[in-house]
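Summary of structural features
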Amino acid sequence: MQVGVVTIFPEIFDAVTGFGTIRRAIKSGNLEFESFNIRDFASDRRRTVDDRPYGGGPGMVLMPEPLAACIDAARQRVEGPVIYLSPQGDRLDQKMVRELAELSGMILVCGRYEGIDERIVKTRIDQEISIGDYVISGGEFPAMVMLDAIVRLLPGVLGNEESALQDSFSDGMLDCPHYTRPERFEGLDVPRVLLSGNHQEIQRWRHDQALDWTRNRRPDLLDSCGRPQEKIN
Ligand code: SAM
């Protein structure tokens, strides 16, 4: 998959391209990552990319000309939809992540300040995506969150031992509790069934725990997928 990011802070992405899952995906050739600096497309010596909002009010707005030129440059190199990370976008969930992971590429546009000039949304943006109902200072972290979630699903990126198929939301439920050594920690024992070696019993226990967690913490997930609320055999 090819991913281009359009940003005024390309260096922020070093935090993910140099570590963990995303680094592994780049090294193995599953991910081609390229950043595009909006300031490189500014027309003045000070590399200005923002200006005051028409109509007055606080804050600044990312100007249309450098942003348009930067997106157009990214489109020359990266195929796929141009996605603006925005609080006004469709809320990201695992279903959307699965759909995005099927794409061969995408361009992620990171806003700053009060956001981007609306004419860029009209002329350049195919989709707006939000990571949740809260506001942060820029689109870089939302882009990194989305990228990490997508890359986990690319074939061959995760090892078997950390398969994304067992994660929360992959089957409409939350994950189950996990334990590792020692068998007793501060008076708390690992559930006996996990030490039994009986894989069918372990699978049943994990499923029941996941169902309990989901029922208690996120009943909306069960409602939305219509999953019967009983134990498997
Ligand atoms: N004035 C905007 C509003 O109230 O909706 C907030 C702008 S925010 C300070 C600056 C940039 O951060 C946005 O243009 C967007 O790219 C990004 N951003 C902030 N919160 C986000 C969220 N929940 N999801 C995705 N992107 C977000």
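Summarised in this report is the structure supplied together with it.

Rules used in this analysis
Residues numbered from 1 in each chain as written. Predicted model: local features only at pLDDT ≥ 70, side-chain atom pairs only at ≥ 80, totals over all residues. Heavy atoms only, no water. Axes fitted to C-alpha atoms, helices over the stretch in contact; angles between N-to-C directions. Helix = DSSP H or I, 4+ residues; strand = E, 2+ residues; numbered from the N terminus. Parallel < 35°, antiparallel > 145°, perpendicular 65-115°, else oblique. Contact = heavy atoms within 4.5 Å. Nonpolar A, V, L, I, M, F, W, Y, C, P; charged D, E, K, R; others polar. Near = heavy atom within 4 Å. Polar contact = N/O pair within 3.5 Å; in protein donor to acceptor, adjacent residues only side chain to side chain. Buried < 20%, exposed > 50% of the residue type's maximum accessible area, 1.4 Å probe, protein only. Phe/Tyr/Trp six-rings, centres within 6.5 Å; stacked < 30°, edge-to-face > 60°. Lys NZ or Arg CZ within 6 Å of the ring centre and 35° of its normal.

**A closer look at the packing of helix α4 (residues 94-101) against helix α6 (residues 140-151)**
Running from N to C, α4 and α6 point in directions that differ by 70°, and their axes come no closer than 9 Å. Of the possible angle classes, the one that applies to α4 and α6 is roughly perpendicular. Two secondary-structure elements touch here, α4 through V97, L100 and A101 and α6 through M146, A149 and I150. Here the contact of α4 with α6 is composed, by residue class, of six nonpolar, no polar and no charged.

**Looking at unusual backbone geometry**
The general pattern is negative phi for most residues beyond glycine and trans for most peptide bonds. The linkage connecting R181 with the following residue, P182, adopts the cis geometry, with an omega of 10°. Along the chain, the position of P182 falls in the loop between α6 and β8 (184-185). In this structure, R47 is a non-glycine residue whose phi angle is positive, near 60°. Notably, F169 is not glycine yet its phi reads approximately 75°, a positive angle. Locating F169 in the fold gives a position in the loop between α6 and β8.

**Let's talk about the site of the ligand**
The full set close to the ligand counts 21 residues, and Y84, L85, Q88, G111 and Y134 are the nearest of them. Between the ligand and G132 there is a distance of 3.1 Å, counted from a nitrogen atom to a backbone nitrogen or oxygen. Of all the secondary structure elements, the ones that give two or more residues to the shell around the ligand are β5 (82-91) and β7 (127-130). Ranked by the residues each element gives to the shell around the ligand, the list is headed by β5, at five residues. Residue classes in the shell around the ligand are distributed as ten nonpolar, nine polar and two charged.

**Notes on the side chain of T7**
Among the secondary structure elements, T7 is positioned in strand β1 (residues 2-7). The exposure class assigned to T7 is buried, which follows from its relative accessible area of 0%. Apart from residues no more than four positions distant in its own chain, T7 is found in contact with F13, F36, N37, I38, C110 and E140.

**Concerning the packing of aromatic side chains**
Using the criterion set out here, one finds one aromatic pair in the structure. The interplanar angle of 40° and the centroid separation of 5.7 Å between the aromatic rings of F13 and F33 together place this pair among those described as tilted. On the criterion of sequence distance, the pair formed by F13 in the loop between β1 and α1 (14-17) and F33 in strand β2 (residues 32-37) is long-range, its members being 20 residues apart. Its relative accessible area of 22% is what places F33 among the partly exposed residues. If you follow R217 out to its NZ or CZ, it ends over the ring of W213, 4.4 Å from the centre.

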